[in-house]
Amino acid sequence: MNERKYKERNAKTSTKSAVERSRVRLLMGAIFRRYAVCMCSWVFLSVVKDAEIKELLKKAHQISQTHVDELTELFSSEKIPIPVGFGEQDVNKGVPALFDDIFMDIYVNKMAIGGMKKYARALSAVRRQDIYDYLSRCVKESDSLLEDSNHVILRKSMLMRPPVIPYPVKVNFVDHKTFISPFFSQKHPLTSLEITTIQEIVNTNVLGKTLMLAFSQVAATQKLRSYFFDGVKLASKQIKQFTELLSEADLPSPRLLDAYVTNSTISPFSDKLMMYHTSTAVTIAIDNCGAGLSMSFRSDVALEFSQLIGRIGKYGKDGIRIMIEQGWMEEPPMATDHKKLTEK
């Protein structure tokens, strides 16, 4: 091999390695999620009574623990600092249950849905084979966990089934401009896509409200209790607004899960872990609203989504400030600040 080709090959290898390392750093968010789910499923396992739900929690915990171990090994091999994340100091297994068994199953169900979305999105951006294989397996495991939790939910009749609309009898074309009218007085019936996104947003807020309600009972400081209860009020407002849209279309709404929070005032989780869960809930909520906004033809529905993103974003920023003040927020990987480097 001549010298020119040798240099070209080395240059390509060097560039590829840098790109691959950047892909690995993107997994830091994944390891945080897995730390959190692993800790929560571990606590739930210590108090769950239902045998079927216990087996589901065992599976969720095993998957999460395996992911944490694999990502830790990957980071070590790439010489990337291991995130502090969470550990035994962030859980208290010897306290009364904060949630009913039914909520634990619904929690696993929603975390599996969130995991599928995140892993599938990451998968589309990865070229490195070992990372691709890992994320592909994550999608399959999330799918399996979702399927198992769905079966348990249906067998126990925990949740109302989603809205049903009739099949169309023929193909129709939109022939009037009121379909995309900017005037709220001219509304077409909700489309199937709008119904799906509204249902998903209500479901997410129902779960989020229940989490915030429980966290507000057990947080260590008044500042955190107030912050979590602000989350309860925000979620309640969103549930009310979107269930009204479903009601106007004579469609059923998901039922609340507040009854599945016990009267315990002793926290099984550290304040840091509860704040991380809140941050994750905010991310999922904004993601759902963005998806809903992109699929909405009705002006009133689109306006609801866009305003909601702003309200949720503000609540999320308030939470980030608290995490920074407490020294709980680890700095995420960032691009090189070349301007700062030139000033040295």
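Note that the structure is a prediction, hence the values are computed from the model and not measured.

1. As for the overall build of the protein chain
At step 1: Helix and strand content of the protein chain: 10 helices and zero strands.
At step 2: Going from N to C terminus, the protein chain has its helices and strands arranged as α-α-α-α-α-α-α-α-α-α.
At step 3: Here the protein chain holds 344 residues, and 45% of them are scored as buried.
At step 4: A separation threshold of at least 6 residues defines the contact pool for the protein chain, and within that pool the share at least 24 residues apart is 83%.

2. Details of helix α9 (residues 299-326)
At step 1: Here α9 is 28 residues long and its end C-alpha atoms lie 41 Å apart, about the 40 Å a rise of 1.5 Å per residue gives.
At step 2: Residues D300, V301, A302, E304, F305, L308, I312, Y315, G316, G319, I322 and M323 constitute the buried set of α9.
At step 3: On the buried face of α9, the contacting elements are α6 (192-218), α7 (222-248) and α8 (271-294).
At step 4: One or two residues past the end of α9 sits G327, with phi positive at roughly 75°.

3. Notes on the packing of aromatic side chains
At step 1: Tallying each qualifying case throughout the model produces 10 aromatic pairs.
At step 2: With 6.0 Å between their ring centres and 85° between their planes, F44 and F99 make a pair best called edge-to-face. Of this pair, F44 sits in helix α2 (residues 28-47) while F99 sits in the loop between α3 (51-77) and α4 (101-123), placing them 55 residues apart in sequence. For the residue pair F44 and F99, the accessibility class agrees, reading buried in each case.
At step 3: Measuring from ring centre to ring centre gives 5.4 Å for F44 and Y107, while their planes differ by 90°; the resulting arrangement is edge-to-face. Of this pair, F44 sits in helix α2 while Y107 is found in helix α4, placing the two residues 63 residues apart along the sequence.
At step 4: Grouping aromatic residues by their ring pairs yields a cluster made of F44, F99, F103, Y107, F215, Y227, F228, F269 and Y315.

4. What to know about the confidence of the model for the protein chain
When pLDDT drops low, the exact placement of atoms in the prediction is not to be read closely.
At step 1: Averaged over all residues, the pLDDT of the protein chain is 83; the fraction at 70 or higher stands at 83%.
At step 2: Note that pLDDT drops below 50 for residues 1-20; the model gives that stretch three contacts with residues more than four away or on any other chain.

5. What to know about α3
At step 1: Under the 1.5 Å per step criterion, the end-to-end length of α3 is 39 Å for 27 residues, consistent within 8% with the ideal 39 Å.
At step 2: Among all positions in α3, only I53, L56, L57, A60, H61, I63, S64, H67, V68, L71, L74 and F75 are buried.
At step 3: Residue D50 occupies the N-cap position of α3, its side-chain oxygen lying 2.9 Å from the main-chain nitrogen of E52.

Conventions and cut-offs
Residues numbered from 1 in each chain as written. Predicted model: local features only at pLDDT ≥ 70, side-chain atom pairs only at ≥ 80, totals over all residues. Heavy atoms only, no water. Helix = DSSP H or I, 4+ residues; strand = E, 2+ residues; numbered from the N terminus. Buried < 20%, exposed > 50% of the residue type's maximum accessible area, 1.4 Å probe, protein only. Contact = heavy atoms within 4.5 Å. Expected span 1.5 Å × (residues − 1). Phe/Tyr/Trp six-rings, centres within 6.5 Å; stacked < 30°, edge-to-face > 60°. pLDDT = per-residue confidence, 0-100. Polar contact = N/O pair within 3.5 Å; in protein donor to acceptor, adjacent residues only side chain to side chain.

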